[in-house]
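Residues per chain, in single letters:
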Amino acid sequence: MSIWDGRLKDPKDYLELKCKTYNSAPGKLTGYDCPICKNRGVIAQPGERDVVFRWCSCREKRLMLKNLEKSGITRLNTFEEFLCPEKWQSKVKGRAKAFAERDWGWFYMSGQPGCGKTLLCTGIVNRFLERGKSVRYFLWREDGTRLKALAGDIAYREAIEPYKTCEVLYIDDLFKGAVTQGDLNLAFELLNHRYLAGSITLISSEKSVSELVALDEAIGSRVYEKTRENRFHIPNSKHKNWRLNEWN
Ligand SMILES: [Zn+2]
């Protein structure tokens, strides 16, 4: 029996059936398990004459994951995975969760590798993506190096623009390694733009905010002012003598 027989005389019904069939088939994308598109990445919908396809909302997540691969992160974790055996951990997790529900402000987490800052930051990114926000990832030692190499070149403006103007920016490992004048110039341009525009910015670093101020007062003071109750430093000690809103 042809699909045009019987009940499906109307081409609209035919298109809808075609879409339904397509949308029920699982896809092959990996990295993130999407219940909406069943990992096809696209959704079929009836168009004027034929089926048309649109990107699924998981596209942003998949793009973010591709970027995060640069730093060895293979999936976006949820806040629940950040375990809190100690009181300060629950407190910082609570602040991170609250921050991820807002549409403004900056978040700063500093500490040694392994202190949990990446877990919390990617948890925030995950929630922002779930809320439909567009997030860009900036890995300092890689994207920073690329942009510094372009400084003075005509391509520089175009390359830095998306990081200045994106809805949410996550700068990972700010000022990793030795800090040059080029690093300071780049960080100031990026952060000053976002400071003036009031754009959501998330920063992780091995350097505390007080170390930032010592490095460059213009950058440090902007970060200090914008992060308010969302500024955390985990010192490198066994007992993690945690100070909220660190400042010394
Ligand atoms: Zn999807």
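For clarity, every value in this text was computed on a predicted model and none was experimentally measured.

Student: Describe the packing of helix 2 (residues 59-68) against helix 4 (residues 117-130), listing the residues and the values that go with them.
Tutor: Interhelical geometry of helix 2 versus helix 4 gives an angle of 155° and a closest axis separation of 10 Å. Classified by the angle their axes make, helix 2 and helix 4 are roughly antiparallel. Note on packing geometry: the crossing formed by helix 2 with helix 4 is right-handed. Each of E60, K61, M64 and L68 in helix 2 lies in contact with helix 4, whose residues at this interface are T122, V125 and L129. Among the residues forming the contact of helix 2 with helix 4, the class breakdown is 4 nonpolar, 1 polar and 2 charged.

Student: Provide a residue-level description of the domain arrangement of the protein, including the pertinent values.
Tutor: Split by domain assignment, the protein resolves into domain 1 (11-56) and domain 2 (60-244). Computed from C-alpha atoms alone, the centre-to-centre distance between domain 1 and domain 2 is 35 Å. The partner domain 2 presents 4 residues to the 4 residues of domain 1 that form the contact.

Student: Would you mind going over the packing of helix 3 (residues 87-100) against helix 4 in detail, with residue names and values included?
Tutor: Relative to each other, helix 3 and helix 4 sit at 25°, their axes nearing to 9 Å. As the angle between them shows, helix 3 and helix 4 are arranged roughly parallel. Crossing angle aside, the handedness with which helix 3 passes helix 4 is right-handed. Counting all contacts with helix 3, which are made through V92, K93, A96, F99 and A100, the residues of helix 4 involved are L120, G123, I124, R127 and F128.

Conventions and cut-offs
- Residues numbered from 1 in each chain as written.
- Predicted model: local features only at pLDDT ≥ 70, side-chain atom pairs only at ≥ 80, totals over all residues.
- Axes fitted to C-alpha atoms, helices over the stretch in contact; angles between N-to-C directions.
- Helix = DSSP H or I, 4+ residues; strand = E, 2+ residues; numbered from the N terminus.
- Parallel < 35°, antiparallel > 145°, perpendicular 65-115°, else oblique.
- Left-handed = near helix turned anticlockwise from the far one by under 90°.
- Contact = placed C-beta atoms within 7 Å.
- Nonpolar A, V, L, I, M, F, W, Y, C, P; charged D, E, K, R; others polar.
- Domains from an automatic or database assignment.

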